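Residues per chain are reported as follows:
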Amino acid sequence: MQKPKIATASLAGCFGCHMSLLDIDDRILKLIDLVDFDKSPVDDIKEFTGRCLVGLIEGGCCNEENVRVLQEFRKHCDILISVGDCAIDGGLPALRNGIPLKECLTEAYITGPTVYNPSGKIPSDSEIPLLLDRIYPCHEVVKIDYYLPGCPPPADTLWQALTALLSGKPIDLPYELIKYD
Amino acid sequence: MTAYNETIVKDICRRFGNERSRMMDVVKEVQTSFGHVPNEAMDAIARALSCPRVEVQSLVSFYAFLTERPKGNIIIRLCDDVIDRMQGFDRIADAFKEELGIGIGETTTDGKITLEATPCIGMCDQAPAALINDVIVTNLTKDAAREIVAGLREHGDPQRLVKRLGDGNNAHELVRAMVVNNVRRKGDVIFGEGKPSDGLKNALAMSPVEVIRAVKTSRLRGRGGAGFPTGIKWEFTRAAKDETRYVICNADEGEPGTFKDRVILTEKADLLFEGMTIAGYAIGAQAGILYLRAEYVYLRPYLEHALAERRKSGLLGNKILGHAGFNYDIRIQMGAGAYICGEETSLISSAEGFRGDPKTRPPFPAQKGYMGHPSAVNNVETLCCVTRILERGAGWYAQMGSNGTSGTKLLSVSGDCKIPGVYEIPFGITLKEFLAMAGAEDAAAVQVGGPSGQMVGPAEFNRIICYDDLATGGAIMVFGPQRDLLWVVSRFMEFFVEESCGYCTPCRVGNVLLRRKIEEVRAGKCDPAAIAYLEDLGQTVKIASRCGLGQTSANPVLTTLKNFRPLYTARMKENEAGMQMTFDISAAVRDAEIIAGRKSANF
Amino acid sequence: MNEKTVTFIVDGKEIKARPEQTIMKACDEAGVYIPRLCAFKDLSPFGSCRVCTVKVNGRPQAACTQPVGEGIVVESQTAEIQQIRRNIIDMLFVEGNHFCMFCEKSGNCELQAMAYRLGILAPKFPYMFPVRGVDASHPDIFIDWNRCILCARCIRTSCEIDGKNAYGFIGRGPHKRVATNSSAGLKGTDADVSDKAPANCPVGSLMYKRIGYAVPIGCRLYDKNPIGSDIEMKKTT
């Protein structure tokens, strides 16, 4: 029988949640026995090769590229999980949510005290994805099936959640594994 | 209006005896003097009343009619409740905006006129209406709006805008309002015939306990909506151990669609004051307070006059009607624009000079009310019933109405009906019968009891108007088949968001969330899961909120979900792809597109 | 016990109490924890957060303000009530900007701890991302309104314990917030580093400056044991 597939992505995140996944240590070998990784920074597969059982999303949506990737994940994954605080509530990037985009960019590229930018312009290459007006938690963009909070979620949380899902059981985390920091 | 001057503030405070409990009056007078309550004035008031400054700011920032920032000498407050919106609020608002060259919430560049919107001012039967300072203008048209602005620019006197006076006491020299009563049906109680002071005389011939017994025998229940038996409330108040007790009349008629107390106050002030006096005698109070909503301030001079006349006639003051030991007087406490103050404990907080936060119960007002003393808080209509009960007998009263509910009820009807106005009907008639009276046979939906009540459809029109079936504080809002009921629901939720005091979490946050979800449903952006979401959220607000406002604020959603569910499901679609319909990528990238000067390549 | 007692039932358990006690106080003494945020030992009950909502003979009441009564039947840990509590906690999370990952209070925060206890993985309501500020004008303490849950514990502590009136509520409805007793902000008040008010803030809203992250992760108040464990511990004694 073919192994179920997992895909992962880091949107507006710091890759800390992916690091936490790697922190499951030698259990990663068990995980490889149980699943194949599809699109993911872990194996550097850039495009989905087929349908996945689980998609793990780190980070919220700060730009159009994030939205596109997240929607791709929703299309290809049976179960989509917001992993970590940034995916759930925007996290650190969401600190800009109270500030108009123009103001953010102006300070970042023109008026900030440490900025050196002789052009005096906000970069606008067509390769650069357009920023959204604010950070959107993933569940505001697509339907999310599960949430694993934490900054990052402990490796044990990720392990328990994944093994539960792979064995068709509900995710039931003990007290110590629900953390928002 | 004068520049800030601390001496004026000190004088005002002194006039109210530097009493902390009179802060409402102090602040209102300060605002009258300076047009707003300046920062320095808050410090001065705090010093004079010996309280922390933050308490002054707390009060000023709570009430819609008080302001920390300067506004125009003239404030136009357009009534924006559902009924006024159905009768052309938008057109009128546009005319005012155009003429004044400002938007709602703004002040003209010369600083003279401020334009605002305000919830129901109790004129739904003559909508659209507005409040211009203390003056009411009704049946507004675009032309009237233009004339008003021209008049205000020319003479600056809102009273001169009143060209034609209303009927009855609306034309009284102390009222001079264009408001009309629209009394459509007179019953035997409120609009019945009777001899002035007979009720009071009969009461004084009995012992207080006998008066309470008579009220209990009459089976009179509170007319504000909650329907608590009046006699039992009085019995509790009288039984509370204290030397000082108060009668408080709740004339903070703020439930949108309710305007029956306005008509009583205009035409039957003496009936009310007599009832308050009987209540005072029954519970052993020395003072009564009429808490009058700020929107009805135009009635204040007339009501003060009525009180003065009663004092002259020995109906108030010491030894009332020669009855040794019965000394009792009534004062008027003005509100300042807060629906929550219709909740009895909020009303007491407000009358004590605080923000209108509800109080923790127990203790109930009957145990510890105004200034910590036992207080009986009764509705205007309830107290009028009391006068008639004492005048004509408890038995006479009790035989009127339905089995469970005695007496008559004033209903104020507005919206899509041919004959809006005030009706005194016996309890026990069906909603259908009432709708026929009001010329609303083709109603598609009726909001019974205002936004905090329930929205019922034709399937429920055979229900009976009484406390055990369709209870109402008096508001009947009629919606014809052409109306979008979810729009009505969203307007009601907007009202509760604005009027929540913010004390407790479920009401403060839950109503904002309900409003948001209703808007999403209306925009067709929800899947059927939104029904369960609304029900769960609505139930939390209903069950966990601290006072009657929050406990009823989810009713527009909950009762339409119950009685008009197809309206919701018709706007929902299944969402198999799992993309959130509420997420709007083009809106989300719009700012960035403008900044970058290019269109999104992805979307 | 020779004083008068009343007996009542909480979730099937019989509890004895003094007649003047609130349901919460009586339950605390009996080792039955009722979740709460605005209620705090040594402060007068306030009843604003509604997390302690229970049903008393079928009617919803706040356990922190409702007095006990002979024979009353109180429901607290029912599925319905727990759902309401979760909803209220969710409301508080989405109403403010609660970013636990960089909050000095994390691990010792009662809002966070209550969410842990109730097993909340993410709020079901949409985040409001309100624009709120910070008052850092005072040399030793600061207010971060992003994290305020309007429980009035600072207001009550300042008044009832510190003997001051440094804080108060202004505005109404969704615009309600804690203000200071001075137009100049916190620095204009008599608030002081020795005040108990900051210590009694359940979240990271009213804080002492220059203290943060003092206890390592794993050793903080609610890292291992749920909030309320101290009260539930009494069960065994």
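Parameters at a glance
- Residues numbered from 1 in each chain as written.
- Chains lettered and ligands numbered in written order.
- Predicted model: local features only at pLDDT ≥ 70, side-chain atom pairs only at ≥ 80, totals over all residues.
- Heavy atoms only, no water.
- Domains from an automatic or database assignment.
- Contact = heavy atoms within 4.5 Å.
- Buried area = accessible area lost by both parts, 1.4 Å probe.
- Salt bridge = Lys/Arg side-chain N within 4 Å of Asp/Glu carboxyl O.
- Polar contact = N/O pair within 3.5 Å; in protein donor to acceptor, adjacent residues only side chain to side chain.
- Helix = DSSP H or I, 4+ residues; strand = E, 2+ residues; numbered from the N terminus.
- Patch = residues over 30% accessible without salt bridge, like charges linked within 9 Å, V, L, I, M, F, W, Y side chains within 5 Å.
- Areas by Shrake-Rupley, 256 points an atom, 1.4 Å probe, with all protein chains shown as cover.
- Buried < 20%, exposed > 50% of the residue type's maximum accessible area, 1.4 Å probe, protein only.
- Core = buried A, V, L, I, M, F, W, Y, C linked by side-chain atoms within 4.5 Å.
- Arc of directions from axis to C-beta.
- Axes fitted to C-alpha atoms, helices over the stretch in contact; angles between N-to-C directions.
- Parallel < 35°, antiparallel > 145°, perpendicular 65-115°, else oblique.
- Pairing = 2+ DSSP bridges.
- Expected span 1.5 Å × (residues − 1).

J.: How do you make sense of the domain arrangement of chain B when you look at a structure like this?
T.: One widely used convention gives an interface's size as the accessible area the parts lose upon coming together. Residue and element names in this part refer to chain B. Domain boundaries assigned for chain B yield domain 1 (6–62), domain 2 (74–163), domain 3 (184–398), domain 4 (408–479) and domain 5 (485–569). Taken together, the contacts link 25 residues of domain 3 with 28 residues of domain 4. Summed over both sides, the interface between domain 3 and domain 4 buries roughly 2000 Å², with carbon and sulfur atoms accounting for 57% of that surface. For Asp-468, the salt bridge goes to Arg-221, with nearest N and O atoms at 3.9 Å. Where domain 3 meets domain 4, there are 16 residue pairs in polar contact (both at pLDDT 80 or more). Breaking the side of domain 3 that touches domain 4 down by element, the ones donating at least two residues are β6 (183–185) and α11 (260–267).

J.: Looking at this structure, I do not really get a nonpolar patch on the surface. What am I missing?
T.: Residues and elements named next belong to chain A. On the surface, Phe-15, Met-19, Leu-22 and Val-42 cluster together into a nonpolar patch covering about 350 Å² of accessible area. Tracing the sequence through the fold places Leu-22 in helix α1 (residues 16–22). When its relative accessible area of 42% is taken as the criterion, Leu-22 is described as partly exposed.

J.: I tried to follow the interface of chain C and chain B on my own but got confused; where do I start?
T.: Contacts between chain C and chain B engage 42 residues on the former and 41 residues on the latter. Carbon and sulfur atoms make up 58% of the surface buried where chain C meets chain B, a total of about 3300 Å² over both sides. In terms of surface lost to chain B, no three residues of chain C exceed Arg50(C), Met91(C) and Arg172(C), which account for 21% of the buried area on that side. For the pair chain C and chain B, the interface holds 3 salt bridges. For Arg172(C), the salt bridge is made with Glu499(B), and the minimal N-O distance between the two is 3.1 Å. In this assembly, chain C and chain B are joined by 21 residue pairs in polar contact (both at pLDDT 80 or more). Elements with a contribution of two residues or more to the side of chain C that touches chain B: α2 (79–95), β8 (167–170) and β9 (177–180) of chain C. If you tally residues by element for the side of chain C that touches chain B, the top one is α2(C), at 9 residues.

J.: Quick question: what am I supposed to make of the nonpolar core here?
T.: Burial of nonpolar side chains together is a common tendency in soluble globular proteins. Counting 177 residues, the largest nonpolar core has Ile45(B), Tyr568(B), Ile89(C) and Tyr167(C) as its most contacted members. Ranked by residues supplied to this core, first place goes to helix α20 (residues 529–544) of chain B with 8 residues. Residue contacts for Tyr568(B): discarding those within four places in its chain leaves Leu486(B), Val489(B), Ile518(B), Val521(B), Ile531(B), Leu534(B), Pro556(B), Val557(B), Thr560(B) and Leu561(B). Listed in part, the 87 residues of the second largest apolar core include Ile136(B), Val247(B), Leu290(B) and Leu410(B).

J.: Honestly, unusual backbone geometry in this entry has me stumped. Any pointers?
T.: Negative phi values dominate among residues other than glycine, just as trans dominates among peptide bonds. Each neighbour pair has its own omega, and for Cys151(A) with Pro152(A) the value is -5°, a cis peptide bond. When you line up the elements, Pro152(A) lands in the loop between β7 (146–148) and α6 (155–166). Residue Pro362(B) is joined to Pro363(B) through a cis peptide bond whose omega torsion reads 0°. Relative to the helices and strands, Pro363(B) is located in the loop between α14 (344–351) and β10 (375–379). Of note, Asn139(B) is a non-glycine position whose phi angle comes to about 45°, a positive value. Position of Asn139(B) relative to the elements: it lies in the loop between β5 (135–137) and α7 (142–155). Given a relative accessible area of 48%, Asn139(B) falls into the partly exposed group. For Ala152(C), which is not glycine, the phi torsion reads 70° and is therefore positive.

J.: What exactly am I supposed to notice about helix α1 (residues 6–15) of chain B here?
T.: Since the α-helix packs 3.6 residues into each turn, any two residues three or four apart lie on the same face. All names here are of chain B. Among the residues of α1, those classed as buried are Val-9, Ile-12 and Cys-13. Seen along its axis, α1 keeps its buried residues to an arc of 100°; they face one direction. Seen from the buried face of α1, the exposed residues on the opposite side, beyond 90 degrees, are Arg-14 and Arg-15. The elements touched by buried residues of α1 are α2 (23–34) and α3 (39–49). In this structure Asn-5 caps α1, since a side-chain oxygen of it lies 2.8 Å from the backbone nitrogen of Thr-7. Once α1 ends, the next one or two residues include Gly-17, with phi positive near 65°.

J.: Explain the packing of helix α5 (residues 101–111) of chain A against helix α24 (residues 585–596) of chain B here, please?
T.: Helices that pack against each other are described as a pair by the angle of their axes relative to one another and the distance between those axes. Close contact between α5(A) and α24(B) brings their axes to 9 Å; oriented N to C, the two are set at 45°. Classified by the interaxial angle, the pair formed by α5(A) and α24(B) is oblique. Counted together, Leu101(A), Lys102(A) and Leu105(A) of α5(A) and Asp591(B), Ala592(B) and Ile595(B) of α24(B) form the full contact between these two elements.

J.: So what exactly am I meant to see when it comes to the sheet that holds strand β8 (residues 287–292) of chain B here?
T.: Think of a sheet as strands paired side by side through backbone hydrogen bonds, with each pair either parallel or antiparallel. All names here are of chain B. Strand order in the open sheet made by the 4 strands is β9-β8-β7-β10, with parallel pairing throughout. If you trace the sheet from one side to the other, it starts and ends with β9 (329–334) and β10, each paired once. Geometrically, the sheet is characterised by an average inter-axis angle of 20° between neighbouring strands, direction not taken into account. Inspection of the sheet shows strand β7 (residues 246–251) paired to β8 by 6 bridges, in the parallel sense. Residue pairing for β8: Asn-250 is matched across the bridge by Tyr-291. Contacts from helix α13 (residues 300–312) reach β8 and β9, with the element oriented near 170° to β9. This element, helix α15 (residues 380–392), spans β7 and β10 of the sheet and lies at about 95° to β10.

J.: Before we go on, may I ask you to explain α20(B) in this structure?
T.: Taking 1.5 Å per residue, 16 residues should reach 22 Å; α20(B) reaches 23 Å between its end C-alpha atoms and fits that length. Along α20(B), the residues that are buried comprise Ala530(B), Ile531(B), Tyr533(B), Leu534(B), Asp536(B), Leu537(B), Gly538(B), Thr540(B), Val541(B), Ile543(B) and Ala544(B).

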